[in-house]
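Summary of the model geometry
Chain by chain, the residues:
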Amino acid sequence: MAVITFFCAKGNMKIEAFCKEDHYAKHNIGYWTGRTFLGFGPSAFSYWEGRRFRNVANLSKYVAKLHEGISPIDFDEKLDPDAQQRELLTIGLRVLEGIDIKQLQKFRSLDRETLMALEKLIDTGYLSLEKTDLKLTPKGILFYDDVASDLI
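Residues numbered from 1 in each chain as written. Predicted model: local features only at pLDDT ≥ 70, side-chain atom pairs only at ≥ 80, totals over all residues. Heavy atoms only, no water.

**So, the sheet that holds strand β4 (residues 51-55)**
- Strand order in the open sheet formed by 3 strands is β3-β4-β5, with antiparallel pairing between adjacent strands. In this open sheet, the two edge strands, each paired with only one partner strand, are β3 (45-48) and β5 (73-78). Pairs of neighbouring strands in the sheet enclose a mean axial angle of 15°, with direction left out of account.
- Where β3 and β4 come together, 4 bridges link them in antiparallel fashion. For Phe45, the partnering residue across the bridge sits in β4 and is Arg54. (Pairing = 2+ DSSP bridges. Helix = DSSP H or I, 4+ residues; strand = E, 2+ residues; numbered from the N terminus. Axes fitted to C-alpha atoms, helices over the stretch in contact; angles between N-to-C directions.)

Here is the structure:
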């Protein structure tokens, strides 16, 4: 059973699974802020230049592909700009202090569908908007998966 725990780290609250207080996975902060990263080895995911991709999971197949000079990538996806922005919004909400909605829209405005979903989530008490800071409410924290699926 998945356990969600809430904890403080440098004054910031995060949503994290399977961790002890003050022992969060610091690398997740990069995922939640849209940082690019490369993963190496079987099953490793990467996010680079707007693409996300994964290596084959099987160690023998991974090594064989490398020896043959073949890419070990078995999944590759590039999201359209609207989908990429919705995903960044959704994962950004995992940082419980919220995200600056104006900063998110600095280069691209949110699409109408996303704005309508945000309005509904605010009206139902899952999200709050204070000035330009959008964040999960206590109710939204408990139902983060529902919030995420409404936005994606």
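Let's pick the thread back up.
**Comments concerning a negative patch on the surface**
- A contiguous patch of negative charge, built from Glu97, Asp100, Glu130 and Asp133, is present on the exposed surface.
- Mapped onto the secondary structure, Glu97 falls in the loop between α3 (81-92) and β6 (99-100). (Patch = residues over 30% accessible without salt bridge, like charges linked within 9 Å, V, L, I, M, F, W, Y side chains within 5 Å. Areas by Shrake-Rupley, 256 points an atom, 1.4 Å probe, with all protein chains shown as cover. Salt bridge = Lys/Arg side-chain N within 4 Å of Asp/Glu carboxyl O. Lys, Arg positive; Asp, Glu negative; His and termini not counted. Charge placed at Lys NZ, Arg CZ, Asp CG, Glu CD.)

**Topic: the sheet that holds strand β7 (residues 127-130)**
- Overall, antiparallel pairing links the 3 strands, which are arranged β6-β8-β7 in an open sheet. A single partner strand is all that each edge strand has here, and the edge strands are β6 and β7.
- Across the sheet, helix α5 (residues 112-123) is in contact with β7 and β8 (133-136); its angle to β7 comes to roughly 100°. (Contact = heavy atoms within 4.5 Å.)

**Side note on the pattern of salt bridges**
- This structure, assessed with the given rule, holds 5 salt bridges.
- One salt bridge in this structure joins Arg52 and Glu87, with 2.8 Å as the shortest N-O distance. Of this pair, Arg52 sits in strand β4 while Glu87 sits in helix α3, and the two are 35 residues apart along the sequence.
- Judged by its relative accessible area of 21%, Arg52 is partly exposed.
- Residues joined by salt bridges that share partners form a network here, namely Arg52, Glu77 and Glu87. (Buried < 20%, exposed > 50% of the residue type's maximum accessible area, 1.4 Å probe, protein only.)

**Re the packing of α3 against helix α7 (residues 144-151)**
- The N-to-C vectors of α3 and α7 enclose an angle of 165°; their axes lie 9 Å apart at closest approach. Of the possible angle classes, the one that applies to α3 and α7 is roughly antiparallel. When you trace α3 past α7, the crossing you get is right-handed. Contact residues: α3 offers Arg86, Leu89, Thr90 and Ile91, while α7 offers Tyr144, Ala148 and Leu151.
- In the contact of α3 with α7, the residues fall into 5 nonpolar, 1 polar and 1 charged. (Parallel < 35°, antiparallel > 145°, perpendicular 65-115°, else oblique. Left-handed = near helix turned anticlockwise from the far one by under 90°. Nonpolar A, V, L, I, M, F, W, Y, C, P; charged D, E, K, R; others polar.)

**Things to note about the layout of surface pockets**
- The computed volume of the largest pocket comes to approximately 700 Å³.
- Thr33, Gly34, Gln84, Leu88 and Ile91 are the residues nearest the centre of the largest pocket, which is lined by 29 residues in total.
- Put simply, the parts of the chain that give the lining of the largest pocket at least two residues each are α1 (27-32), β3, α3, β6 and α4 (101-104).
- Of all the elements, α3 adds the most residues to the lining of the largest pocket, at 8 residues.
- Its residues assigned to classes, the lining of the largest pocket comprises 13 nonpolar, 10 polar and 6 charged. (1 Å grid on protein atoms, 1.4 Å probe; cavity = no way out; pocket = protein on both sides within 12 Å on 5 of 7 lines; lining within 4 Å. Points joined across faces, edges and corners; volume = space filled by probe spheres on them.)

Interpretation in functional terms is not warranted from these geometric data alone.
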